[in-house]
Amino acid sequence: LILDSHGRSSSSNRMNALNHSSQQMTNAANTNSTPANGSFSTDRYPSQEAHHHHHHHRNFQPPRGGTNNIKLDIPDELLSWSDFKIAMCADRLTVSKEVKKGLRRCILDGIPDEDRPLLWKFLTGASLKLKINKGYYQGLLRCLDRVTGGAKSKSFDQIEKDLPRTFPEEAEYSNADFIQSLRNILRAYAIRNTKIGYCQGMNFIAGRLYQCTGDEELSFWILCQLLETVLPLDYFSSMNDAVADQEVFKIKIKEFYPDLSLFFEELGIEFTSVVSFKWFVTLYTQSFSREVCFKIWDLLFLEGSV
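Residues numbered from 1 in each chain as written. Predicted model: local features only at pLDDT ≥ 70, side-chain atom pairs only at ≥ 80, totals over all residues. Heavy atoms only, no water.

S.K.: Is there a simple way to explain the overall build of the chain in this structure?
M.R.: Within the chain one finds 14 helices and two strands. Look at the contacts in the chain between residues 6 or more apart in sequence, and 73% of them connect residues 24 or more apart. Carbon and sulfur atoms form 53% of the exposed surface of the chain, whose accessible area is close to 15700 Å². (Helix = DSSP H or I, 4+ residues; strand = E, 2+ residues; numbered from the N terminus. Contact = heavy atoms within 4.5 Å. Areas by Shrake-Rupley, 256 points an atom, 1.4 Å probe, with all protein chains shown as cover.)

If you want it as structure tokens, here you go:
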């Protein structure tokens, strides 16, 4: 989320950058990605290799939470995180302008770590996915050995290479059970979404999700919603939007930090290629502390991709 000096999202800059970068990425996209109408395995049929096409729009958001809005009988500014938490647990809270305003205030004040899985499940729509797709994730895991093909083999091989590289400095990531759960999440997603499959950087994202939730299935569905709904669909497939973000970021550095921009120019260093691209493709997991990353994600899940 990139804001201008008035705190507004720079959507026009982003769209200009996207147009500027799309030509650059055309050849790479044609070479490295599957056809534009990518396939997803159907949510309700994990045991088969049936697929259907999804036509995604950038501003589409799935249904959130339960079917009934909670009655907010007190002013928004007086609602606490505990009030929202009770409503989420009762499945009686849906996203509205007022609810988002209140949740944003709570997020900026700080969400307790133990409540973050509940917040992410609600904001991403993973709670609904879990309800209507009981057994889907387990079905994907049962399919892992039966799915064949070059793309699957390539994805699985890359996952195995990247697992030991995932936060090796953190003891939790050397635990065999933890690594097996992370392997399951990444492999299951690779066969669910054949357009994206597995891309380097997703191991860090899935790792932080599982580290936060401690629940394989919930982490899988949050990852699905993140890659298929929160972010533009081609963020990891053709990388068009990831490159566009770099162009916007470059503009903002020059606008707000002209001396820094000039410094890198004089050194002949492309800051966005050398430094910041990794920030964006790993969603800030690899270069920022877990605490900072989670706070960024709280707002990303609330506001979505703009």
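S.K.: How should I be thinking about the nonpolar core in this particular structure?
M.R.: Taken as a class, soluble globular proteins show a tendency for nonpolar side chains to be buried jointly. Formed by 75 residues in total, the largest nonpolar core has its most connected members in L103, F220, F236 and W297. When near neighbours in sequence (up to four residues on either side) are disregarded, W297 contacts W120, I205, R208, L209, L283 and T285. (Core = buried A, V, L, I, M, F, W, Y, C linked by side-chain atoms within 4.5 Å. Buried < 20%, exposed > 50% of the residue type's maximum accessible area, 1.4 Å probe, protein only.)

S.K.: I tried to follow the pattern of salt bridges on my own but got confused; where do I start?
M.R.: Pairing of side chains with opposite charge becomes possible as their charged atoms draw close. This model, assessed by the stated rule, comprises 14 salt bridges. One salt bridge connects D298 with R116, and the closest N-O pair in it is separated by 2.9 Å. Taken together, the residues D298 in helix α14 (residues 290-303) and R116 in helix α4 (residues 116-124) connect sequence positions 182 residues apart. Accessibility classification places D298 together with R116 in one group, the buried group. With a shortest N-O distance of 3.1 Å, K250 and E270 are connected by a salt bridge. Remark: E270 occurs in the loop between α12 (258-267) and α13 (271-281) and K250 occurs in helix α11 (residues 240-256); sequence separation between them is 20 residues. Relative accessible area serves as the criterion here: at 30%, K250 is assigned to the partly exposed category. For E270, a relative accessible area of 36% gives the class partly exposed. One connected set of salt bridges, linked through shared partners, spans D113, R116 and D298. (Salt bridge = Lys/Arg side-chain N within 4 Å of Asp/Glu carboxyl O.)

S.K.: Which parts of the structure should I look at to understand α13?
M.R.: A turn of α-helix holds 3.6 residues, and therefore any two residues three or four places apart point the same way. For α13, the complete set of buried residues consists of F271, T272, S276, F280 and V281. Looking down the long axis of α13, one finds its buried residues gathered within 140° of arc, a one-sided arrangement. Where α13 is buried, its residues touch α9 (202-213), α11 and α12. Of the residues flanking the end of α13, it is L283, one or two places downstream, whose phi is positive at about 50°. (Arc of directions from axis to C-beta.)

S.K.: What exactly am I supposed to notice about the packing of aromatic side chains here?
M.R.: The geometry of an aromatic ring pair is captured by the separation of the ring centres together with the interplanar angle, meaning the angle of the planes. For the structure shown, the criterion picks out 23 aromatic pairs. A ring pair is formed by W120 and F301, whose centres lie 5.3 Å apart and whose planes are at 80°; its orientation type is edge-to-face. You can see W120 sitting in helix α4 and its partner F301 sitting in helix α14, a full 181 residues away along the chain. Here W120 and F301 have matching classes, each one buried. Between F249 and F271 the ring centres are 6.1 Å apart and the planes differ by 35°, which places this aromatic pair in the tilted class. Placement of F249 in helix α11 and of F271 in helix α13 is noted, with a sequence separation of 22 residues between them. Cluster of aromatic residues (ring-pair linked, three or more members): F249, F263, F264, F271, W279, F280, Y284 and F288. (Phe/Tyr/Trp six-rings, centres within 6.5 Å; stacked < 30°, edge-to-face > 60°.)

Limitation: the analysis is restricted to geometry and does not speak to function.
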